[in-house]
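Next come the chains, spelled out residue by residue.
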Amino acid sequence: MDTHVHRQASLRFARSDLLRKTCDLALEFVDGLDARPVGPPVDPAGLLSSVGGVLPVEGEEPERVVQRLSQAVERGLVASAGPRYFGFVIGGSLPAAVAADWLTSVWDQNAFSFVASPAAAAVEETVRSWLIDLFGLAPETSLGFTTGCTMSNFTALAAARHALLRRQNWNVEERGLAGAPALAVVTSEESHVSIFAALQMLGLGRGRAIKVSTDGQGRMNPRELASVLEKLTNPVLVCAQAGNVNTGAFDPIAEIAECVRRHNGWLHVDGAFGMWAAASPHRRALLKGIERADSVAVDSHKWLNVPYDSGLVFVRDAVAHHAAMTLNAPYYVPSPETGRDNNNWVAEASRRARGFTVYAALRSLGRRGLADLIERTCALAKRMSDRLAANAGVQILNDVVLNQVLVSFTPPSPKADPDDWTMEVIRRVQETGTCWVGGTTWHNLRAMRISVSNWSTTETDIDVSAEAILDAHRLG
Ligand SMILES: *Cc1c(COP(=O)(O)O)cnc(C)c1O
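Residues numbered from 1 in each chain as written. Predicted model: local features only at pLDDT ≥ 70, side-chain atom pairs only at ≥ 80, totals over all residues. Heavy atoms only, no water.

A.B. asks: Can you walk me through the overall build of the chain in this structure?
C.D. replies: Helices and strands together make up the secondary structure of the chain, namely 14 helices and 11 strands. For the chain, the C-alpha radius of gyration of 24 Å lies close to 23 Å, the compact-globule estimate for 476 residues. A burial count over the chain gives 50% of its 476 residues as buried. Counted over contacts in the chain with a minimum sequence separation of 6, partners at least 24 positions apart contribute 73%. Of the roughly 22,000 Å² that the chain leaves accessible, carbon and sulfur atoms contribute 55%. (Helix = DSSP H or I, 4+ residues; strand = E, 2+ residues; numbered from the N terminus. Rg over C-alpha atoms; globule rule 2.2 N^0.38 Å. Buried < 20%, exposed > 50% of the residue type's maximum accessible area, 1.4 Å probe, protein only. Contact = heavy atoms within 4.5 Å. Areas by Shrake-Rupley, 256 points an atom, 1.4 Å probe, with all protein chains shown as cover.)

This is the structure in structure tokens:
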């Protein structure tokens, strides 16, 4: 037999064995998540040398490749999927979502179009109807599955650019921006960096955005917005936010929507994690007016707890969404009424079938489980904040309205710099490996940022972590 054919046959033969052994490796990791140090410092050079070297000329046995890979990267893995990781806004992965993600890999569907994977199309369409209902968006709203909220913001703002210029009889996809009527873009001082990244990619100029000031919690000032809009004569795109990355605060969406309506503008809401508050009857009021948004960007890989990467973009004007993203390829024949061509709603053509994990997460939680996940993590954030606040020299800098807590620490010596001390406490906590918290700057103060976004975090995890944080501070 020809050696190539022989190798293919043996690879196929060994595949089941390889995947079973890989499953054991995976289980070892997830079962050990609770116990492993969360994110201790690593030596980058050591890590690189255990992973690196030259690409071998001859291929290795797959089983050996996987074994060696998992050993080599071990020291560089962060337990962000575990219960005591509170950095950035990073969720874990619900068991059903991980399992669906495994299947997504073995099914290897191209979620490009209905014909490429009817299954992926049906699942994405189902998630669309579930989520527009859950979020209270208009029934005709279109949905794209993205890699994350940065791409969701990008996609939404591309749809806005289309719609606003179409009203000026300018087809921006066909003619480009040169000579086009100028759009005015209004954000807040606290808009997420990815909004400005979207503007920079869309030719709208991140430096041209007019930034409305915010209050002590980072909420856009709607009165200032109204007066900014009064002075503008060009078509306007307003970017509001549901869930500030530092404080968790929500812009007053209903008031903002009213201003934008008066000026016939486009309202985009970045609700990367905050949008999930809609699932909780107790927090839903934070999103009052969301049904009036023209577009909404959301992450699934944060609070919904699906594996990376997974984001969502909703656009009420599906025609604008489609026009901004469609490929217009000559070989591309649109699917019949019943089919969904996923590529019409995102920048990618071929892509991973991300709908499966979102579907599995939602189905495994149900409405009640999702509401419970949101409520529970918010209550745990409050517990953390209460535990820390009960101690001398610890200040909570935000109103804990959601799952985010900002903390600063007063140095033991009055001569020491408070910012340096807060950074030192963060460094010490990270070093312990008990939990992982990051730093941020809030209103010119260095602060510890704690985000409780993981489905598996318990009260005990919060208590143990609060103790570790307080120990780092008390050590002086
Ligand atoms: C995380 C986040 C983003 C960016 O999302 P990615 O998934 O990292 O691309 C945008 N806006 C807000 C408010 C966020 O919290």
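A.B. asks: Help me out: how do you make sense of the sheet that holds strand E9 (residues 404-409) in this one?
C.D. replies: Remark on secondary structure: sheet strands pair via backbone hydrogen bonds, oriented parallel or antiparallel. The strand order across the open sheet formed by four strands is E8-E9-E11-E10, and the pairing between neighbours is antiparallel. Whereas interior strands pair on both sides, the edge strands pair on one side only; in this sheet they are strand E8 (394-396) and strand E10 (438-442). Each adjacent strand pair in this sheet contributes to an overall mean axis angle of 40 degrees, direction not counted. For E9 and strand E11 (residues 445-451), the ladder comprises four bridges, and the chain directions are antiparallel. Bridge pairing links Gln404 to Ser451 in E11. Across the sheet, helix H12 (residues 355-389) lies against E8, E9 and E11, angled at about 145 degrees from E8, the strand it touches most. Here helix H13 (residues 418-432) sits on the sheet and contacts E9, E10 and E11; the angle it forms with E11, its principal contact strand, is near 30 degrees. (Pairing = 2+ DSSP bridges. Axes fitted to C-alpha atoms, helices over the stretch in contact; angles between N-to-C directions.)

A.B. asks: Help me out: how do you make sense of unusual backbone geometry in this one?
C.D. replies: Negative phi is the rule for most residues except glycine; trans is the rule for most peptide bonds. Going from Tyr308 to Asp309, the amide bond is cis rather than trans, its omega being -5 degrees. Counting through the fold element by element, Asp309 comes out in the loop between strand E6 (295-299) and strand E7 (311-315). Residue Asp108 is not a glycine yet carries a positive backbone phi of 50 degrees. Tracing the chain through its elements places Asp108 in the loop between helix H4 (95-107) and helix H5 (118-135). The phi dihedral of Asn305 is positive, around 65 degrees, even though this residue is not glycine.

A.B. asks: Could you clarify how one ought to interpret a nonpolar patch on the surface in this entry?
C.D. replies: Together, Leu19, Leu103, Val106 and Trp107 make up an exposed nonpolar region whose accessible area comes to about 390 Å². Per-element tally for the nonpolar patch: the top contributor is H4, with three residues. Relative to the helices and strands, Leu19 is located in helix H1 (residues 3-32). Relative accessible area serves as the criterion here: at 46%, Leu19 is assigned to the partly exposed category. (Patch = residues over 30% accessible without salt bridge, like charges linked within 9 Å, V, L, I, M, F, W, Y side chains within 5 Å. Salt bridge = Lys/Arg side-chain N within 4 Å of Asp/Glu carboxyl O.)

A.B. asks: For this particular structure, what's the right way to read the site of the ligand?
C.D. replies: In the region of the ligand, 14 residues are neighbours, and Thr150, Asp270, Asp299, His301 and Lys302 sit closest. Thr150 is positioned with one of its side-chain polar atoms (N or O) 2.6 Å from an oxygen atom of the ligand. The separation between a nitrogen atom of the ligand and a polar side-chain atom of His192 is 3.4 Å. Coverage of the ligand by the protein chains reaches 85% of its 380 Å² of free accessible surface. Counting residues per element, the shell around the ligand draws most heavily on helix H6 (residues 149-166), at three residues. Among the residues making up the shell around the ligand, the classes are represented as four nonpolar, seven polar and three charged. (Near = heavy atom within 4 Å. Polar contact = N/O pair within 3.5 Å; in protein donor to acceptor, adjacent residues only side chain to side chain. Nonpolar A, V, L, I, M, F, W, Y, C, P; charged D, E, K, R; others polar.)

A.B. asks: What exactly am I supposed to notice about the side chain of His301 here?
C.D. replies: Structurally, His301 is set in the loop between E6 and E7. A distance of 3.0 Å separates polar atoms of two side chains, one belonging to His301 and the other to Asp299. Reaching out from His301, the side chain makes a polar contact with the backbone nitrogen of Ser310 at a distance of 3.0 Å. If sequence neighbours within four positions are ignored, His301 has contacts with Gly91, Thr147, Gly148, Val306, Pro307, Tyr308, Asp309 and Ser310.

A.B. asks: Which parts of the structure should I look at to understand the pairing of strand E1 (residues 142-146)?
C.D. replies: Regular strands place their side chains on alternate faces of the sheet. Within E1, five of the five residues are buried, which leaves the element mostly enclosed by the surrounding structure. Burial along E1 is two-sided: the face carrying Ser142, Gly144 and Thr146 and the face carrying Leu143 and Phe145 are both buried. Here E1 runs beside E7; their pairing, made up of five bridges, is antiparallel. In the strand pairing of E7, Thr146 is matched with Gly311.

A.B. asks: Would you take a moment to explain the layout of surface pockets for this structure?
C.D. replies: Unoccupied space between atoms shows up once a probe the size of one water molecule is rolled over them. In this structure, the largest pocket spans a volume of roughly 1,400 Å³. Looking at the largest pocket, it is lined by 40 residues, and the ones nearest its centre are Ala26, Phe29, Val30, Val98 and Trp102. When residues of the lining of the largest pocket are traced back to their parent elements, those giving at least two are H1, helix H3 (62-73) and H4. The class makeup of the residues in the lining of the largest pocket is 25 nonpolar, 10 polar and five charged. (1 Å grid on protein atoms, 1.4 Å probe; cavity = no way out; pocket = protein on both sides within 12 Å on 5 of 7 lines; lining within 4 Å. Points joined across faces, edges and corners; volume = space filled by probe spheres on them.)

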